[in-house]
Amino acid sequence: MFTNIYKVTSPTVIEKFVDNVELETDKVVVKVDYMAICKADIRYFLGARDKNVLEHKYPLAPIHEAVGHVIKDPTNTFKKGDKVILIPNSTTKENLSRDINYRCARPDLGSNYALNATFRSSTTDGFLRQYYTCFPSLLVKYNDKISGEIAVFSELLSVSNAALRRIDFSKVKKLALFGDGIMGYVVYVMLVNKYNDLDITVFGTMEEKLKMFKKAKTKLVSEPCNEWFDTLIECVGGQYSENAINNMINIASVGADLILMGVSESKIPLNTRLILEKGLTIKGVTRSNREDFETVASLFNNEEFVNDVKPLVLSVNNINSLNDIYKCFYDDINNKTVIGKNIMTW
């Protein structure tokens, strides 16, 4: 069985390849239905990473946010036609059993921190393809009544859930969320649907974007802040990480927890004196594990949760050619004002 797979071969160049889909007795065959583009995909597409890194990445199929349906399952884990979320990260039991990775067994961390974990569209080819095979453990079934264009946000939501696992909510009194982009919004969605009595303030730079955070207090970062927060989450990333994290340090109360989620390609100078004076704890979060995807799949049974996710769908685009893929990439690249994504489907 053959499938088309699309790979970034150099900055701003995507080429079509033909891949052999081997039908194995221990793997599920999935038709990929919906895909969403991540900022990491855009960095690889634009070549906006260190040249030495890119030399070892290309050619690389992008996309790690995808859902599909089961075509064939020799393991009988799923039924034909089951809607499934594709998990992009995987580890082997051997990796997890090594002493150096013992912390991965902690419930606030997880298998995605294993040193030899692989990740689609980063260390191995992503889901920009029509058919895909994998072990059943790398698929999570979701409610058939939920449209794929909504479910495709599962990976982003799962990362948000992974971040929340780093927080002891029994001690949270006031929470500050920095970032009015899509990552900030999905963290907000997880917060208000799992912990609906929290005192949340969202800090951002655009009033129009902040209007989407309807169940939280909002504040422009340019405005003075005279409040103190015991838990602060950063969802900014990029060149603005420095200002965001140092603003968080400034308004953090003594002993506060800072959760960092934004990715920056540059080293970020931080106010270490104030970190030490206040006794702050900083935790980094990257990716997610199967349990996070299962949590998201369960939340899709909640109508209010689904309604909170719906505004993120800016458009649904049928992919019939390379030009259609290019259009979706550039539409997402050029979108600076609206929270959401342009979804791709075959």
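The present account deals with the structure reproduced in this document. (Residues numbered from 1 in each chain as written. Predicted model: local features only at pLDDT ≥ 70, side-chain atom pairs only at ≥ 80, totals over all residues. Heavy atoms only, no water.)

Points about the overall build of the protein
Per the secondary structure count, the protein includes twelve helices and 17 strands. Taken against the 2.2 N^0.38 rule, which gives 20 Å for 346 residues, the C-alpha radius of gyration of the protein at 20 Å falls within 12% of a compact globule. With the principal axes as the frame, the protein shows a C-alpha extent of 60 × 45 × 40 Å. Classification of the 346 residues of the protein by burial places 52% in the buried group. Residue pairs at least 24 apart in sequence account for 76% of intrachain contacts in the protein once pairs closer than 6 positions are excluded. When the accessible surface of the protein is totalled, it reaches about 16300 Å², and 49% of it is carbon and sulfur. (Helix = DSSP H or I, 4+ residues; strand = E, 2+ residues; numbered from the N terminus. Rg over C-alpha atoms; globule rule 2.2 N^0.38 Å. Buried < 20%, exposed > 50% of the residue type's maximum accessible area, 1.4 Å probe, protein only. Contact = heavy atoms within 4.5 Å. Areas by Shrake-Rupley, 256 points an atom, 1.4 Å probe, with all protein chains shown as cover.)

Examining the pairing of strand β5 (residues 83-86)
Examined bridge by bridge, strand β4 (residues 65-72) and β5 share three bridges and lie antiparallel to one another. Among the inter-strand pairings, His69 is bridged to a residue of β5, identified as Lys83. (Pairing = 2+ DSSP bridges.)

Some remarks on the packing of helix α5 (residues 154-164) against helix α10 (residues 290-299)
Two elements in contact, α5 and α10, have axes whose closest approach is 8 Å; the angle formed by their N-to-C orientations is 115°. As judged from the angle between their axes, α5 and α10 are roughly perpendicular. Here the hand of the crossing between α5 and α10 comes out right-handed. Here α5 contributes Ser154, Glu155, Leu157, Ser158, Asn161 and Ala162 to the contact with α10, which in turn contributes Asp292, Phe293, Thr295 and Val296. Of the residues assigned to the contact of α5 with α10, the class counts are four nonpolar, four polar and two charged. (Axes fitted to C-alpha atoms, helices over the stretch in contact; angles between N-to-C directions. Parallel < 35°, antiparallel > 145°, perpendicular 65-115°, else oblique. Left-handed = near helix turned anticlockwise from the far one by under 90°. Nonpolar A, V, L, I, M, F, W, Y, C, P; charged D, E, K, R; others polar.)

Focus: the nonpolar core
Ranked by internal contacts, the top residues of the largest apolar core, which has 89 residues, are Leu157, Ile233 and Met261. Top element by residues in this core is helix α6 (residues 182-194). It accounts for ten residues. When residues no more than four places from it in sequence are discounted, the contact partners of Ile233 are Leu164, Ile167, Leu175, Ala176, Leu177, Phe178, Val187, Leu191, Met248, Ile259 and Met261. Judged by nonpolar contacts, the second largest core, of 17 residues, contains Ala176, Ala244, Ile249 and Leu258. (Core = buried A, V, L, I, M, F, W, Y, C linked by side-chain atoms within 4.5 Å.)

A closer look at the pattern of salt bridges
In this structure the tally under the stated criterion is 19 salt bridges. In this structure, Arg166 and Asp108 form a salt bridge, with 3.8 Å as the shortest nitrogen-oxygen distance. Placement of the pair is Arg166 in the loop between α5 and β10 (175-178) and Asp108 in the loop between α3 (93-97) and β7 (118-119), with a sequence separation of 58 residues. Judged by relative accessible area, Asp108 falls into the buried class, the value being 18%. For the salt bridge of Glu304 with Lys215, the shortest nitrogen-to-oxygen distance reads 2.8 Å. You can see Glu304 sitting in helix α11 (residues 303-309) and its partner Lys215 sitting in the loop between α7 (207-210) and β12 (217-220), a full 89 residues away along the chain. Of the residues examined, Lys215 reaches a relative accessible area of 40% and is grouped as partly exposed. The network of salt bridges with shared partners includes Arg43, Arg49 and Glu265. (Salt bridge = Lys/Arg side-chain N within 4 Å of Asp/Glu carboxyl O.)

Section: unusual backbone geometry
The amide bond that connects Tyr58 to the next residue, Pro59, takes the cis arrangement and shows omega of -5°. On the secondary structure map, Pro59 appears in the loop between α2 (51-57) and β4. Positioned with a positive phi, Ser121 is a non-glycine residue whose angle comes to about 70°. With respect to the secondary-structure elements, Ser121 resides in the loop between β7 and β8 (131-134). Residue Ser121 is classed as buried on the basis of its relative accessible area of 3%.

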